[in-house]
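Notes for the structure review
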Amino acid sequence: GTFSFIDNDTGNLAINTASGEVQINKDTSEYMARFICDGAVELYFDANKKFETTSSGSRIFGQLYTDSAHVNGELDLVGNLDLNSDSHRIKLGAGDDLQIYHDGSNNYIFTNNGDLNLQTTGDDIQITAADDVFLNVQGTENAVKCFGNGQVELYYNNGKKFETNSSGCTVTGTLTTTSGINAGNNISLNDGHRLKLGNSD
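Residues numbered from 1 in each chain as written. Predicted model: local features only at pLDDT ≥ 70, side-chain atom pairs only at ≥ 80, totals over all residues. Heavy atoms only, no water.

Observations regarding the sheet that holds strand 13 (residues 168–171)
Pairing in this open sheet of 5 strands is antiparallel, and the strands run 9-10-11-12-13 from one edge to the other. The sheet is open, and its two edges are formed by strand 9 (133–137) and strand 13, each paired on a single side. Adjacent strand axes in the sheet meet at a mean angle of 15 degrees, parallel and antiparallel pairs treated alike. (Pairing = 2+ DSSP bridges. Helix = DSSP H or I, 4+ residues; strand = E, 2+ residues; numbered from the N terminus. Axes fitted to C-alpha atoms, helices over the stretch in contact; angles between N-to-C directions.)

Here it is as structure tokens:
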């Protein structure tokens, strides 16, 4: 008296067509679903196609919301890949060896296996920051520290050996060159220090 039903209580319910397609329409004018013989399956939302199968797989029109996705082949995107929750990660490798994520405050490229290589077949690799750039080795040891509007520091075994400053640079330790030293101005020595020349001084 109100609704219409197709009710099958046993076996399969088959809708067969030898050619053409099977359609589910709204008021005979708007597609809801199309099942095309020897072709695609199409699903619609308010007459707009949102999903279709193809000869190579399937295609989604618009955004895909999912709790998780397992991809055995390639994932080709023509738009953005949005992970809109903090600490959700892009994980690569059989053991999640490479991960890219944001924890709500900072951003990370993390790997727990092998080397992390940055390669280009183009020209330059440029690192740009609004403030400082630090390079650490052995986990926490300083190697290079570049301060915004300030000095650049170079380290050996976590000990600072070279630093630029507003008037030039400072070397901590001995400066050894394999060629000459060209001084555009004076060479100054403190009291008691000597300029030594020759193999035996």
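Focus on the environment of Lys-161
Of note, Lys-161 is situated in strand 12 (residues 159–165). The partly exposed category is assigned to Lys-161, whose relative accessible area is 38%. With 118 residues separating them along the chain, Lys-161 and Leu-43 place their C-alpha atoms 66 Å apart. Those residues in contact with Lys-161, other than ones at most four positions away along the chain, are Leu-154, Tyr-155, Tyr-156, Thr-170, Val-171 and Thr-172. (Buried < 20%, exposed > 50% of the residue type's maximum accessible area, 1.4 Å probe, protein only. Contact = heavy atoms within 4.5 Å.)

Some remarks on the pairing of strand 1 (residues 21–26)
Note: strand 1 against strand 2 (residues 30–36), 6 bridges, orientation antiparallel. Counted as the bridge partner of Lys-26 is Glu-30 from strand 2. Between strand 1 and strand 2, which pair antiparallel one after the other, the connecting turn spans 3 residues, and Asp-27 there sits at a positive phi close to 55 degrees.

Some points on unusual backbone geometry
The phi torsion at Asp-38 lies on the positive side, around 55 degrees, for a residue other than glycine. The backbone of Asn-158 sits at a positive phi, close to 70 degrees, despite the residue not being glycine. The partly exposed category is assigned to Asn-158, whose relative accessible area is 37%.

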